[in-house]
Amino acid sequence: MSERSLLDSICAANAALRGFGELVAVPPGDDMAALRLRRRELLVAVDQVIEGRHFLPGTAPALIARKALCRNLSDVAAMAASPLACVAAATLPRSMSLAEAAALFESLRSVAASRRCPLVGGDTGTLGAVEGPLVLSVTVLAELPEGIARPVLRRGARAGDGLFVTGALGGSFGRDGMGRHLTFEPRVAEAIELRRALGGRLHAMIDLSDGLGSDAGHLAEAAGLVARIDARALPCAPGCDWRSAYGDGEDYELCFAAEEPVPRTLLGLAVTRIGEMTPRASPDAPPIELLLDGAPVDPVACGVGAGWEHRLGAP
């Protein structure tokens, strides 16, 4: 079973419930949930990092803590929201010393404070009889900035919208396990600037955690459209080509669909038009059409991954 299949089944079950009432403004299925509290919306998201999956053994505690928080702040950016505070829970390996655990949480406290998202609570637990990986889970609370009435969702893209990304893509996870996936900057300020600049012309947005080849498809599927992407237009990180930009993942840039014109920079960060949203010819059409020199290509045939997908259960 894929992670996506599991999440879809959970969201489908939630959609059948009638207990949400007026409290839940945005239910499970987007980058964050949103709750209405006294005419305001509280946005909530949770994410985790797992040793051996999101970082390698021996990674510095400061980098582990930074990634755990910033993955959540990237979700905040995807909704054009502002962080309020966070809480954390860690499953600690039996071999981790008290000093190492303290260093991990001090790093998290420090990075959270520096991003105006103070760590206000949490919990720790230690694995029992067997040694296992370090798991650090962070839950972030956020709100909409002044003057912004609603969050930007994944759904809402329209046929004819341009498809855009911020920054450069590809090569975030180095061969040695280090790289930009540990040091990226979540695009919170840029997302708010974009929302203020475009207003209602910003129709849908997502952060690129799993990769363009996966995440752009989420925007298209949510709208019943196809994301037509020009491989040659992809902004590539140094040393990368369009294949890496399309399939590597862990970029944490913004991908959004909007009615043009769209600014080509946001607070000094480049914005690149990579394609457009088009009608879906048939219900079973794939959500992404990748073009290379104007002709449709199969990413798999080109040796390109379609982004990251967690696999659950035995292979």
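Remember, predicted model here, so these are calculated numbers, not experimental data.

Enquirer: What is the right way to look at unusual backbone geometry in this model?
Expert: Negative phi characterises most residues that are not glycine, and trans characterises most peptide bonds. Here the bond from E260 into P261 is cis, since omega is 10°, no more than 30 degrees from zero. Along the chain, P261 falls in the loop between β10 (254-258) and β11 (265-266). Non-glycine residue A80 carries a positive phi angle of around 55°. Along the chain, A80 turns up in the loop between α2 (61-78) and β4 (82-92). For A80, a relative accessible area of 0% corresponds to the buried category. Look at E250: it is not a glycine, yet its phi comes out positive at around 60°. With respect to the helices and strands, E250 occurs in the loop between α6 (242-247) and β10.

Enquirer: Sorry if this is basic, but what is going on with the packing of α2 against helix α3 (residues 98-114) here?
Expert: The geometry of a pair of packed helices is captured by two quantities: the angle between their axes and the separation between those axes. One way to put it is that α2 packs onto α3 with a least axis distance of 8 Å and a crossing angle of 50°. If you check the angle between α2 and α3, you find them oblique. Crossing of α2 over α3 shows right-handed handedness. Contacts from P61, A62, I64, A65, R66 and L69 of α2 reach α3 at A103, L104, S107, L108, V111 and A112. For the contact of α2 with α3, the class distribution of residues is ten nonpolar, one polar and one charged.

Enquirer: Before we go on, may I ask you to explain the nonpolar core in this structure?
Expert: The tendency in soluble globular proteins is for nonpolar side chains to be buried side by side. With 53 residues, the main nonpolar core has L69, L136, M205 and F256 as its most contacted residues. The greatest single-element share of this core, amounting to seven residues, is contributed by α2. Apart from residues lying up to four places away in sequence, L69 is in contact with C86, L108, V111, A112, R115, C117 and V138. Counting 27 residues, the second largest nonpolar core, distinct from the first, contains I206, A227, A257 and V304.

Enquirer: What should I look at first to understand the sheet that holds strand β2 (residues 33-37) in this one?
Expert: Strand pairing in a sheet is mediated by backbone hydrogen bonds. Such pairs are either parallel or antiparallel. Taken together, six strands build an open sheet; the order of strands is β1-β2-β3-β6-β4-β5 and the sheet is mixed. In this open sheet, the two edge strands, each paired with only one partner strand, are β1 (24-26) and β5 (119-126). For this sheet the average axis-to-axis angle between neighbouring strands, irrespective of direction, equals 25°. α2 contacts β3 (40-50), β4 and β6 (135-143) of the sheet and is inclined by roughly 145° relative to β3.

Enquirer: So what exactly am I meant to see when it comes to the side chain of H203 here?
Expert: You can see H203 is positioned in strand β8 (residues 202-207). Look at H203 and you get buried, because its relative accessible area is 8%. With near-sequence residues (within four places) excluded, H203 lies in contact with L153, R155, G156, A157, R158, D161, A257, A258 and E259.

Enquirer: For this particular structure, what's the right way to read the pattern of salt bridges?
Expert: Working definition: two side chains of opposite charge can pair if their charged atoms are close together. With the rule as written, the count across this model stands at 15 salt bridges. Here R243 ties to D241 by a salt bridge, and the two come within 3.5 Å at their closest N and O atoms. For R243, a relative accessible area of 34% corresponds to the partly exposed category. In this structure, the salt-bridge partner of E276 is R273, at a minimum N-O distance of 4.0 Å. Relative accessible area serves as the criterion here: at 27%, E276 is assigned to the partly exposed category. If you follow the salt bridges from partner to partner, you end up with R228, E260, R273, E276 and E289 in one network.

Enquirer: Just to check I follow, could you spell out the packing of aromatic side chains for this structure?
Expert: For any two aromatic rings, the description comes down to two numbers: the centre-to-centre distance and the angle of the planes. For the structure on display, the rule yields two aromatic pairs. Taking 5.2 Å as the distance between ring centres and 15° as the angle between the ring planes, the aromatic pair formed by F164 and F256 counts as stacked. A residue pair is termed long-range when its members are at least 10 positions apart, and F164 in strand β7 (residues 162-166) and F256 in strand β10 qualify at 92 residues. Neither residue differs from the other here; F164 and F256 are each classed as buried.

Each value, and the rule that gives it
- Residues numbered from 1 in each chain as written.
- Predicted model: local features only at pLDDT ≥ 70, side-chain atom pairs only at ≥ 80, totals over all residues.
- Heavy atoms only, no water.
- Helix = DSSP H or I, 4+ residues; strand = E, 2+ residues; numbered from the N terminus.
- Buried < 20%, exposed > 50% of the residue type's maximum accessible area, 1.4 Å probe, protein only.
- Axes fitted to C-alpha atoms, helices over the stretch in contact; angles between N-to-C directions.
- Parallel < 35°, antiparallel > 145°, perpendicular 65-115°, else oblique.
- Left-handed = near helix turned anticlockwise from the far one by under 90°.
- Contact = heavy atoms within 4.5 Å.
- Nonpolar A, V, L, I, M, F, W, Y, C, P; charged D, E, K, R; others polar.
- Core = buried A, V, L, I, M, F, W, Y, C linked by side-chain atoms within 4.5 Å.
- Pairing = 2+ DSSP bridges.
- Salt bridge = Lys/Arg side-chain N within 4 Å of Asp/Glu carboxyl O.
- Phe/Tyr/Trp six-rings, centres within 6.5 Å; stacked < 30°, edge-to-face > 60°.

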